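Inside the fold
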Amino acid sequence: LFQVVETNLVAFDCHWIIINEEINDADVQELVRRSIGRLTIIRQTFPVPQNISQRCFRGNHRISSSLCDPKDPFSQSMEISNLYIYDTVLLLANAFHKKLEDRKWHSMASLTCIRKNSKPWQGGRSMLETIKKGGVNGLTGELEFAENGGNPNVHFEILGTNYGEDLGRGIRKLGCWNPITGLNGSLTDRKLENNMRGVVLRVVTVLEEPFVMVSENVLGKPKKYQGFSIDVLEALATYLGFKYEIYVAPDHKYGSPQDDGSWNGLIGELVFKRADIGISALTITPDRENVVDFTTRYMDYSVGVLLRKAEKTVDMFACLAPFDLSLWACIAGTVLLVGLLVYLLNWLNPPRLQMGSMTSTTLYNSMWFVYGSFVQQGGEVPYTTLATRLMMGAWWLFALIVISSYTANLAAFLTITRIENSIQSLQDLSRQTDIPYGTVLDSAVYEHVRVKGMNPFERDSMYSQMWRMINRSNGSENNVMESTAGIQKVKYGNYAFVWDAAVLEYVAINDADCSFYTVGNTVADRGYGIALQHGSPYRDVFSQR
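Residues numbered from 1 in each chain as written. Predicted model: local features only at pLDDT ≥ 70, side-chain atom pairs only at ≥ 80, totals over all residues. Heavy atoms only, no water.

Per an unreviewed UniProt entry, the protein goes by the name Glutamate receptor and belongs to Tauraco erythrolophus. Taken directly from UniProt, the Sequence similarities (unreviewed entry) text for the protein runs: "Belongs to the glutamate-gated ion channel (TC 1.A.10.1) family." (UniProt positions renumbered as here; feature names shortened; annotations may be inferred.)

Next comes the structure, spelled out in structure tokens:
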């Protein structure tokens, strides 16, 4: 059960049914204290005599006071199996006594476990019948056997909490069961009806696209709102029949605990009972659950990152990109050097030109011939000497290798889109330090990263790395006061904004310049819910809807 609590499997939308006769009152209270979801417990109960003087007497048998007194610490720590062992020994003793009184005892003198030819005890079946016909009033109550071998005096009680029961709220008895009358009580939830007509609720919110947005703002008239959370609220109002008045939290914050223990923002409006309901992109967190009530989640929540897309520029010299500048300089120097060598070889050993040829072996012509062969365009000067042909053969082989490498690199450069930004997940964001990132100061995201990052037993080092960046200069360097400020900081600067994934995706899709992209965590570890005053009578009604 402790592992269930530690792995957050007792949230608002969970219902645990525990069937365990060994669970005692202390265990029940601990379960209710640690769990926040619905809890149903089925356990065995034993009748306690109302007369205190008769509690330790069962017929002609007297029981130790440490066992029969329900307030005794030793009695409270006794397991059910130990109570049955005690009554079993008592039942056997009564059966033995009955057989001796009736003088129907079968001797066990001939029994031995050493000799293989030992005959079985002849009183076994008779003894079993005596036990079945007998009975005893022990620690577990009346212990006897029906025809089918079962005990007809077994009693069970069914305990349960209401849906979304908060910490330490207590537990109530839902019903009881016994083999004769069956179930006595009701385990059926009350049917939800439109029973809130005429009720006017005061709703506090925080503007957060796409959950809550102002749709109409006419001077002198109440503002009209729209968004995903407003649609949920409107559907509840239509179904249940209530009306509502909505206003924005004065400080435009969701709320966080202050130094004096009070809360500000939306949560503070509920704590001080200035509002009945709080709705926006409000996540269910343990700290908030301690001061307000939440409905069951109506949407999963995950953390995302908003980043600015790399600007695409047209490069007039993209054709030079496959090779480095130093390599281009070496190629140009090689063309000049080979052209000079060809000229010198032809000057020392002039070739034989055809009659009437107007071509001369000048330095200019040699350079032009080497360049033309490099770009695979041929040449005009016929060099016929052996030295020149050997030189040009080596040059052509070199040119073939260089041109082939350039063509392959150019094709890859032009067809493959290079990813300028390598941040594709929260892990990538935490590993780099070139792009600073942050969130809204004192928000749920801020507290989530802080708790995870400062936990020495947290297995994922991502949160500790993120917390070091977010907590620079005590959080004032990389964090913002509102989500809109974080979005603007991403658009006009080198910055990444960590916030609710649903909000960031809406911002990226609806950006006029299409300058944003988002990455996030696909695992939903929390959810969005509607906050109500602590102990609000509307919590169960809203959750069941």
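What UniProt calls "site: Crucial to convey clamshell closure to channel opening" (unreviewed entry) maps, in this numbering, to Ile-423. Among the structural elements, Ile-423 can be located in the loop between α12 (386-415) and α13 (426-431). In contact with Ile-423, other than residues within four places in its own chain, are Leu-307, Asp-428, Leu-429, Gln-432, Ile-435, Tyr-517 and Val-519. (Helix = DSSP H or I, 4+ residues; strand = E, 2+ residues; numbered from the N terminus. Contact = heavy atoms within 4.5 Å.)

All right, on to the sheet that holds strand β18 (residues 437-438) then. Read from one edge of the open sheet, four strands run β18-β19-β17-β20, paired in mixed fashion. Across the chains shown, the open sheet's two edge strands, defined by having one partner strand only, are β18 and β20 (516-520). With four bridges connecting them, strand β17 (residues 303-308) and strand β19 (residues 496-500) associate as antiparallel partners. Paired with Gly-304 across the two strands is Trp-499, which belongs to β19. (Pairing = 2+ DSSP bridges.)

Of the consecutive residues Glu-209 and Pro-210, the connecting peptide bond is found in the cis state with omega at 0°. Of note, the phi angle at Asp-442 is positive, near 65°, even though the residue is not glycine. One can find Asp-442 in the loop between β18 and α14 (444-454). Under the relative-accessibility criterion, Asp-442 is labelled partly exposed at 38%. Positive phi values are uncommon outside glycine, yet Ser-473 reaches one of about 55°. By the element assignment, Ser-473 lies in the loop between α15 (462-470) and α16 (483-491). (Buried < 20%, exposed > 50% of the residue type's maximum accessible area, 1.4 Å probe, protein only.)

To continue, consider the sheet that holds strand β2 (residues 38-45). Strand pairs in the sheet, formed through backbone hydrogen bonds, run parallel or antiparallel to each other. Here five strands make up an open sheet; going across it, the order is β1-β2-β7-β8-β9 and the pairing mixed. Edge positions in the open sheet fall to β1 (15-19) and β9 (182-185), since each of these has one partner strand only. Going across the sheet, the axis of each strand differs from the next one's by a mean of 20°, ignoring polarity. Of the pairings in the sheet, the one linking strand β7 (residues 155-160) to strand β8 (residues 172-178) comprises five bridges and is antiparallel in character. (Axes fitted to C-alpha atoms, helices over the stretch in contact; angles between N-to-C directions.)

Structurally, the position occupied by Asp-293 is in strand β15 (residues 293-294). With a relative accessible area of 1%, Asp-293 lands in the buried category. Of note is the side chain of Asp-293, whose polar atom sits 3.4 Å from the side chain of His-534. Here Arg-539 takes part through its side chain, which lies 3.4 Å from a polar atom of the side chain of Asp-293. (Polar contact = N/O pair within 3.5 Å; in protein donor to acceptor, adjacent residues only side chain to side chain.)

This part covers the environment of Thr-518. Within the secondary structure, Thr-518 is located in strand β20. Residue Thr-518 is classed as partly exposed on the basis of its relative accessible area of 29%. Through-space distance from the C-alpha of Thr-518 to that of Val-305 is 5.5 Å; in sequence the pair is 213 residues apart.

Before going further, it helps to examine the packing of helix α5 (residues 80-101) against helix α6 (residues 124-133). The N-to-C vectors of α5 and α6 enclose an angle of 115°; their axes lie 9 Å apart at closest approach. For the element pair α5 and α6, the recorded crossing hand is right-handed. Seen from α5, the contacting residues are Leu-91, Leu-92, Ala-95, Phe-96, Lys-98 and Lys-99; seen from α6, they are Ser-126, Met-127, Thr-130 and Ile-131. Along the lines of polarity and charge, the residues of the contact of α5 with α6 split into six nonpolar, two polar and two charged. (Left-handed = near helix turned anticlockwise from the far one by under 90°. Nonpolar A, V, L, I, M, F, W, Y, C, P; charged D, E, K, R; others polar.)

Moving on, we come to the environment of Val-214. You can see Val-214 is positioned in strand β11 (residues 213-216). Linking Val-214 and Gly-227, residues 13 residues apart in sequence, is a C-alpha distance of 8.5 Å. Leave out the neighbours within four places in its chain, and Val-214 touches Leu-207, Lys-224 and Tyr-225.

Take α16 next. Of the positions making up α16, those classed as buried are Ser-483, Gly-486, Ile-487, Val-490 and Lys-491. Taken around the axis of α16, the buried residues stretch over an arc of 140°, which confines them to a single face. Contact partners of the buried residues in α16: β17, β19, α17 (501-509) and β20. (Arc of directions from axis to C-beta.)

Attention shifts here to the pairing of strand β5 (residues 135-138). Alternating positions in β5 separate cleanly, Val-136 and Gly-138 being buried on one face and Gly-135 and Asn-137 remaining unburied on the opposite face. The sheet contact formed by β5 and strand β6 (residues 141-144) spans four bridges and is antiparallel. Within β6, the position partnered with Val-136 by the bridge is Leu-143. As consecutive antiparallel partners, β5 and β6 are separated by two residues.

The next subject is the packing of α14 against α15. Two numbers describe how α14 lies on α15: the axes approach to 8 Å, and their chain directions differ by 120°. Compared by their axis directions, α14 and α15 come out oblique. Two packed elements cross with a definite hand, and for α14 against α15 that hand is left-handed. On α15, the residues touching Tyr-446, His-448, Val-449, Arg-450, Lys-452, Gly-453 and Met-454 of α14 are Tyr-463, Ser-464, Met-466, Trp-467 and Ile-470. (Parallel < 35°, antiparallel > 145°, perpendicular 65-115°, else oblique.)

Turning next to the nonpolar core. By size, the foremost hydrophobic cluster in this structure holds 58 residues, and its most contacted members are Val-305, Leu-306, Tyr-437, Phe-497, Val-498 and Trp-499. Top contributing element to this core by residue count: α15, with six residues. Each of two domains, domain 2 (200-301 + 532-544) and domain 4 (426-523), supplies a minimum of three residues to this core. (Core = buried A, V, L, I, M, F, W, Y, C linked by side-chain atoms within 4.5 Å. Domains from an automatic or database assignment.)

A contiguous nonpolar surface patch, about 680 Å² in accessible area, is contributed by Leu-337, Leu-340, Leu-341, Leu-344, Trp-347, Leu-348 and Leu-363. Per element, the largest residue contribution to the nonpolar patch is six residues, and it comes from helix α10 (residues 325-348). Mapped onto the elements, Trp-347 comes out in helix α10. (Patch = residues over 30% accessible without salt bridge, like charges linked within 9 Å, V, L, I, M, F, W, Y side chains within 5 Å. Areas by Shrake-Rupley, 256 points an atom, 1.4 Å probe, with all protein chains shown as cover. Salt bridge = Lys/Arg side-chain N within 4 Å of Asp/Glu carboxyl O.)

Under the 1.5 Å per step criterion, the end-to-end length of helix α11 (residues 363-374) is 17 Å for 12 residues, consistent within 8% with the ideal 16 Å. Asn-365, Ser-366, Phe-369, Val-370, Gly-372, Ser-373 and Phe-374 are the residues of α11 that are buried. Following α11 by one or two positions, Gln-376 has its phi on the positive side, about 60°. (Expected span 1.5 Å × (residues − 1).)

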